Amino acid sequence: EAALARLMRADLLMLVGMDRGDASLMAAVIKDFEALWARLDPAYEPVTHARVTLRLAQAHIGRGEIEGRPEAVSEGVALLSRDDAIFDYEHAPLDWVAHQQALAAGLQVLGELTLNADLHEKAMAVYDLALKRPLQRGLSMRARLIEARAACRTRHAESQGSLKAL
């Protein structure tokens with residue numbers, strides 16, 4: 001329960017940091033998540049460990065976006081690509097979709113910062129993969145996925161100057 005309380009606290013601070021664009025708050029949030037992440041045993045608490053990894057990656061991506069540093073975003077994407085960070089769809093479908101959404105968002109931010117069109121395409125592929133899976137109780141999450149996918153497509157079209165895609 002202590003881990004869950006720390007996760008929720010850091011989660012709230014991350015939302016405030018992202019809302020305010022505060023890189024120093026995001027750095028503090030990353031330290032909180034890293035301390036919690038180091039204390040968890042993935043063999044004993046795999047879901048909690050994966051959730052903390054997800055939030056840590058989101059914090060890195062958010063900080064990188066605020067500071068305009070692709071290397072920080074890459075660190076977040078790398079965390080999401082680890083084998084122990086990946087949720088099993090059959091075991092935790094909503095967590096799996098949240099993971100895919102975070103990975104796609106990270107790829108999108110990285111694509112915007114580096115002006116790499118291939119990363120936008122990879123982000124779109126991850127959004128499409130997440131949307132193909134049925135969700136019984138995830139209607140709001142599905143709506144967020146659709147919205148994020150549309151925003152990714154629009155930003156990519158804007159960066160390419162493609163009126164047809166817009």
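Above this note sits the structure.
What counts as what
- Residues numbered from 1 in each chain as written.
- Predicted model: local features only at pLDDT ≥ 70, side-chain atom pairs only at ≥ 80, totals over all residues.
- Heavy atoms only, no water.
- Helix = DSSP H or I, 4+ residues; strand = E, 2+ residues; numbered from the N terminus.
- Rg over C-alpha atoms; globule rule 2.2 N^0.38 Å.
- Buried < 20%, exposed > 50% of the residue type's maximum accessible area, 1.4 Å probe, protein only.
- Contact = heavy atoms within 4.5 Å.
- Areas by Shrake-Rupley, 256 points an atom, 1.4 Å probe, with all protein chains shown as cover.
- Core = buried A, V, L, I, M, F, W, Y, C linked by side-chain atoms within 4.5 Å.
- Axes fitted to C-alpha atoms, helices over the stretch in contact; angles between N-to-C directions.
- Parallel < 35°, antiparallel > 145°, perpendicular 65-115°, else oblique.
- Left-handed = near helix turned anticlockwise from the far one by under 90°.
- Nonpolar A, V, L, I, M, F, W, Y, C, P; charged D, E, K, R; others polar.
- Expected span 1.5 Å × (residues − 1).
- Arc of directions from axis to C-beta.
- Polar contact = N/O pair within 3.5 Å; in protein donor to acceptor, adjacent residues only side chain to side chain.

## Describing the overall build of the chain
Looking only at helices and strands, the chain features seven helices and zero strands. Going from N to C terminus, the chain has its helices and strands arranged as α-α-α-α-α-α-α. Since a compact globule built from 166 residues should have a radius of gyration of about 15 Å, the 16 Å found for the chain is in line with a globular shape. The buried share of the chain, taken over its 166 residues, is 42%. Taking the contacts inside the chain whose residues are at least 6 apart along the sequence as the reference set, 55% of them involve residues at least 24 apart. Counting only carbon and sulfur atoms, one obtains 54% of the accessible surface of the chain, whose full area is about 9300 Å².

## Considering the nonpolar core
Core analysis: the biggest nonpolar cluster contains 44 residues, and Phe33, Ala59, Leu80 and Leu107 have the highest contact counts within it. Listing elements by their share of this core, those giving two or more residues are α1 (2-20), α2 (23-39), α3 (46-67), α4 (70-80), α5 (93-114), α6 (117-132) and α7 (139-160). Element by element, the count of residues in this core is highest for α5, at nine residues. Apart from the residues within four sequence positions on either side, Leu107 is in contact with Val77, Leu119, Lys122, Ala123 and Val126.

## Thoughts on the side chain of Asp95
Locating Asp95 in the fold gives a position in helix α5. The residues touching Asp95, leaving out its near neighbours within four places in the chain, are Val47, Arg51 and Phe87.

## Remarks on the side chain of His120
Position of His120 relative to the elements: it lies in helix α6. For His120, a relative accessible area of 3% translates into the label buried. When sequence neighbours within four positions are dropped, the list of residues in contact with His120 reads Gln108, Gly111, Glu112, Cys152 and His156.

## What about the packing of α5 against α7?
Here α5 crosses α7 at 15°, and the two axes come no closer than 11 Å. Here α7 runs roughly parallel to α5, going by the angle between their axes. At the point where α5 passes α7, the crossing takes the left-handed sense. Contacts from Leu94, Val97, Ala98, Gln101, Gln108 and Glu112 of α5 reach α7 at Met141, Arg144, Leu145, Ala148, Ala151, Cys152 and Arg155. Among the residues forming the contact of α5 with α7, the class breakdown is eight nonpolar, two polar and three charged.

## What to know about α6
With 16 residues, α6 should reach 22 Å at 1.5 Å per residue; the first-to-last C-alpha distance of 23 Å fits that figure. Within α6, the full set of buried residues consists of Leu119, His120, Ala123, Met124, Val126, Tyr127, Ala130 and Leu131. Within α6, the buried residues cover an arc of 160° as seen down the axis, which keeps them to one side. In α6, the exposed residues that point more than 90 degrees away from the buried face are Asp118 and Lys132. Taken together, the buried residues of α6 touch α5 and α7. N-cap assignment for α6: the residue whose side-chain oxygen lies 2.9 Å from the backbone N of Asp118 is Asn116.

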